[in-house]
Amino acid sequence: MKLTHLAALALLAAAPAVYAQEAERAAAIALADKAVANIQKKGVEEACKDFADPKSGYIQGEVYVVVQDMQCKMVCHATIPRMNGKDMIELKDANGKYFTKEMRNVAQSGKPGWVDYVWPNPTSKVLEPKSAYVRKADDKYMVSVGIYTKK
């Protein structure tokens, strides 16, 4: 009986972290949907100006919008603008994963989805596990919004 109570307490202790992670995932999805709507309304060039503006609501601490074309060329990266215009097709994470290719595969599937990889956290400056929600903005672009999963 004590083991059952201990197991229940362990589950209850973990519950806030699970709910927080689910809330972060929902927020990432909402931000990606908002970004896609902005691209559809204003066009990618004007929308990218919003994505890079810290006052526009598209940069939320360590969560931000990234737009790439379907050839994995960076159109706009909200927090690392020096990546804009660069070919990301061969970009690998710290574990050697070609995550941008996987993002493209998700976007081209027509169904949004999640891609896991390792990336520097702009807040902590440390490599951390990240999960990015990816969806097609139109036939030319894909939008991703990632959350760091190490909590």
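Enquirer: Before we go on, may I ask you to explain the overall build of the protein in this structure?
Expert: Looking only at helices and strands, the protein features three helices and five strands. Tracing the protein from N to C terminus, the helices and strands come up as α-α-β-β-α-β-β-β. Relative to its 151 residues, the protein shows a buried fraction of 39%. When contacts within the protein are restricted to residue pairs at least 6 apart in sequence, long-range pairs at least 24 apart make up 46% of them. When the accessible area of the protein is evaluated, it comes to approximately 8,600 Å², of which 58% is carbon and sulfur surface.

Enquirer: Got a minute to help me understand the packing of aromatic side chains in this structure?
Expert: Working definition: an aromatic ring pair is given by the centre-to-centre distance plus the angle between the planes. A complete count under the given rule lists five aromatic pairs for this structure. Ring centres 4.8 Å apart and planes at 65° place the aromatic pair Phe-51 and Tyr-58 in the edge-to-face group. Summarising the burial analysis for this pair, Phe-51 and Tyr-58 share the class buried. Seen from their ring centres, Tyr-117 and Trp-119 are 6.3 Å apart, and the 70° between their planes marks the pair as edge-to-face.

Enquirer: What is the right way to look at the sheet that holds strand β4 (residues 127-136) in this model?
Expert: Strand pairs in the sheet, formed through backbone hydrogen bonds, run parallel or antiparallel to each other. Spatial ordering of the open sheet is given by β2-β1-β5-β4-β3, a layout of five strands whose pairing is antiparallel. Two strands close off the open sheet at either side, each with one partner strand: β2 (74-77) and β3 (113-120). Each neighbouring strand pair of the sheet contributes to a mean axis angle of 25°, computed without reference to strand direction. The sheet contacts of helix α2 (residues 44-52) involve β1 (65-69), β2 and β5 (141-148), and relative to β2 the element is tilted by about 30°. Here helix α3 (residues 99-109) sits on the sheet in contact with β1, β3, β4 and β5, set at roughly 160° to β3.

Cut-offs and rules
Residues numbered from 1 in each chain as written. Predicted model: local features only at pLDDT ≥ 70, side-chain atom pairs only at ≥ 80, totals over all residues. Heavy atoms only, no water. Helix = DSSP H or I, 4+ residues; strand = E, 2+ residues; numbered from the N terminus. Buried < 20%, exposed > 50% of the residue type's maximum accessible area, 1.4 Å probe, protein only. Contact = heavy atoms within 4.5 Å. Areas by Shrake-Rupley, 256 points an atom, 1.4 Å probe, with all protein chains shown as cover. Phe/Tyr/Trp six-rings, centres within 6.5 Å; stacked < 30°, edge-to-face > 60°. Pairing = 2+ DSSP bridges. Axes fitted to C-alpha atoms, helices over the stretch in contact; angles between N-to-C directions.

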